[in-house]
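Take a look at the letters that make up each chain.
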Amino acid sequence: MRYYKIESPDGKLLSVGIADNGGEEITEKEYHALLAEIREFASYVDKVYSGAETADKVPEKWREDVQEQVEARKAADAAAALERTEEAKTHENNRHQ
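In this text, all values refer to a predicted model and were calculated from it rather than measured experimentally.

Chemist: I'm lost on helix 2 (residues 60-95) in this one. Help?
Modeler: Since the α-helix packs 3.6 residues into each turn, any two residues three or four apart lie on the same face. Over its 36 residues, helix 2 runs 53 Å from end to end, which matches the ideal 52 Å to within 8%, given 1.5 Å per residue. Elements that come into contact with the buried residues of helix 2 comprise helix 1 (28-50).

Chemist: For this particular structure, what's the right way to read the sheet that holds strand 2 (residues 13-18)?
Modeler: In a beta sheet, neighbouring strands pair by backbone hydrogen bonds and run either parallel or antiparallel. The antiparallel open sheet is built from three strands, whose spatial order is 2-1-3. Bordering the open sheet on either side are strand 2 and strand 3 (24-26), each of which pairs with just one other strand. Each strand axis lies, on average, 30 degrees off the axis of its neighbour in the sheet, ignoring direction. Alignment of strand 1 (residues 3-7) against strand 2, held across five bridges, turns out to be antiparallel. In the sheet register, Glu 7 faces strand 2, and the bridge partner there is Leu 13. Sitting on the sheet, helix 1 is in contact with strand 1, strand 2 and strand 3, with an inclination near 130 degrees to strand 2.

Chemist: Mind showing me how you'd approach the packing of helix 1 against helix 2 here?
Modeler: Two elements in contact, helix 1 and helix 2, have axes whose closest approach is 9 Å; the angle formed by their N-to-C orientations is 55 degrees. Between helix 1 and helix 2, the crossing angle belongs to the class labelled oblique. In the packing of helix 1 onto helix 2, the handedness of the crossing is right-handed. Residues Glu 37, Glu 40, Phe 41, Tyr 44, Val 45, Asp 46, Val 48 and Tyr 49 of helix 1 form the contact with helix 2, whose participating residues are Lys 61, Trp 62, Asp 65, Val 66, Gln 67, Gln 69, Val 70, Arg 73, Lys 74 and Asp 77. Looking at the contact of helix 1 with helix 2, its residues break down into eight nonpolar, two polar and eight charged.

Chemist: What exactly am I supposed to notice about helix 1 here?
Modeler: The terminal C-alpha atoms of helix 1, which comprises 23 residues, lie 33 Å apart, in line with the 33 Å expected from a rise of 1.5 Å per residue. Three or more residues of helix 1 are buried, namely Tyr 31, Leu 34, Leu 35, Tyr 44, Val 45 and Val 48. Contacts made by the buried residues of helix 1 are with strand 1, strand 2, strand 3 and helix 2. The first or second residue beyond helix 1 is Gly 51, which carries a positive phi of 90 degrees.

Chemist: Explain the pattern of salt bridges to me, please; I cannot follow it from the model alone.
Modeler: Close approach of charged atoms lets side chains of opposite charge pair. Overall, the coordinates contain seven salt bridges when judged by the stated rule. Measuring nitrogen to oxygen at the nearest pair gives 3.0 Å for the salt bridge that ties Lys 12 to Asp 65. Note that Lys 12 is positioned in the loop between strand 1 and strand 2 and Asp 65 in helix 2, a separation of 53 residues in sequence. Between Glu 37 and Lys 61 there is a salt bridge whose closest N-O contact spans 3.9 Å. Taken together, the residues Glu 37 in helix 1 and Lys 61 in helix 2 connect sequence positions 24 residues apart.

Rules used in this analysis
- Residues numbered from 1 in each chain as written.
- Predicted model: local features only at pLDDT ≥ 70, side-chain atom pairs only at ≥ 80, totals over all residues.
- Heavy atoms only, no water.
- Helix = DSSP H or I, 4+ residues; strand = E, 2+ residues; numbered from the N terminus.
- Expected span 1.5 Å × (residues − 1).
- Contact = heavy atoms within 4.5 Å.
- Pairing = 2+ DSSP bridges.
- Axes fitted to C-alpha atoms, helices over the stretch in contact; angles between N-to-C directions.
- Parallel < 35°, antiparallel > 145°, perpendicular 65-115°, else oblique.
- Left-handed = near helix turned anticlockwise from the far one by under 90°.
- Nonpolar A, V, L, I, M, F, W, Y, C, P; charged D, E, K, R; others polar.
- Buried < 20%, exposed > 50% of the residue type's maximum accessible area, 1.4 Å probe, protein only.
- Salt bridge = Lys/Arg side-chain N within 4 Å of Asp/Glu carboxyl O.

As far as function goes, none of this settles anything; it's purely spatial.
Here it is in structure tokens:
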């Protein structure tokens, strides 16, 4: 089994995986450590998004990226809520015709 990672030119982790080719080869131990880091990052996003923690509790190395993810999630939620509202209005208008 071959483990790999792909990083951006500035060193940010883009992906990890198991495949016959692709990315920079890493050890199984490195792979699992990176997965743990990904899970920790996602946990910070969830906590800040839900209000369980504030951004100042996020490690400095992730703070900006976590905030970007939280803002993107909020924007997606707002767009989805607007779409549901518009669909409800359309449905209501169709009922009264």
